[in-house]
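# Summary of structural features
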Amino acid sequence: MVMEGDLQNLVLKCEDSLEGIFTGIYEAYALRVPLDTVMIETGNQDNLRLFTTYQTIQPDSNKATKVVLTLQERLGEEDYHTLCMALSSPAPDKAQAVFRTVAWGLKEKKCRSIMEHLTDDHIRRVLELSRGAGNELQHLKGFLRFQELENDILFSTIHPANDLLPLLALHFADRLPKEDFVILDAGRKLYVVHPSGKEWFMMKDNLGEANLSEIPITAEEEYYQELFRHFCHSISIEARENLKLQRNMLPIHFRKYMVEFTKS
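My aim in this report is to walk through the structure given alongside it, one point at a time. Since the structure is predicted, the reported quantities are computational estimates derived from the model, not experimental observations.

Enumeration according to the criterion identifies 6 aromatic pairs in this entry. Ring plane angle 25° and centroid distance 6.4 Å describe the contact between Phe 22 and Tyr 80, whose orientation is recorded as stacked. One end of the pair, Phe 22, is in helix H1 (residues 18–30); the other, Tyr 80, is in helix H3 (residues 77–87), with 58 residues separating them in the sequence. For Phe 22, a relative accessible area of 1% gives the class buried. Assessed through its relative accessible area of 14%, Tyr 80 is described here as buried. Their ring planes at 75° and their centres at 5.3 Å tell us that Tyr 223 and Tyr 224 sit as a pair that is edge-to-face. Look at Tyr 223 and you get exposed, because its relative accessible area is 51%. Among the aromatic side chains, those forming a connected cluster through ring pairs are Phe 146, Phe 172 and Phe 181. Looking at Arg 100, its charged tip hangs above the ring of Phe 99, at a distance of 5.5 Å from the centre.

Rules used throughout
- Residues numbered from 1 in each chain as written.
- Predicted model: local features only at pLDDT ≥ 70, side-chain atom pairs only at ≥ 80, totals over all residues.
- Heavy atoms only, no water.
- Phe/Tyr/Trp six-rings, centres within 6.5 Å; stacked < 30°, edge-to-face > 60°.
- Helix = DSSP H or I, 4+ residues; strand = E, 2+ residues; numbered from the N terminus.
- Buried < 20%, exposed > 50% of the residue type's maximum accessible area, 1.4 Å probe, protein only.
- Lys NZ or Arg CZ within 6 Å of the ring centre and 35° of its normal.

These results come straight from atomic positions and should not be treated as a statement about function.
Encoded structure:
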């Protein structure tokens, strides 16, 4: 336990998740010390600071929920969504940027939207991270490809830079409510599972037992994949090929799991 009189600078080390970071924000206020003496970080930092106390914060769903409700009530749903999008980023400074943005927003009670105050470095950083995640999310909504496995499950693999799996689950659960589908975030080894007509849930694949990508696809799926590849190649005009424009419209890192860019 860190006592107020001992504080010069304090770093709260949190789990890299919404629950973990929101718990850290809760604890920062609970300490009742000047907020400018507190930093919130995720992950392991190799370079420790002099004259700084480090405290590990364990995720607490009750504390995180209290922060969520406060942010939604005081800052509004739009700003809360922007903060959450920023926290989906892998950037190491995201937790501190969001923490300082929240601290500013809760202090300035009469502001219409905290995201309008672009003179603040932390707010600009939150917007930058949020826009990056939002752009990738929009791309994935269009570029994600499902394939039908032999057990009648629709399966897709993605490898996003940002942690967007829960948001994609919401999107496709709304559009495919009667389908059994699974989306794998290959980089984080996380699955979202949606049983037909039921609520989706997430699970972690540590050992590979649940690797659905090894289950064969149906013959009909294989036929339509080949048909789609042939269609994409047949409509291309070699004399008008513009690789730079193609990369702008469809960045290369989305193509690994897209049917039209895989070989049969």
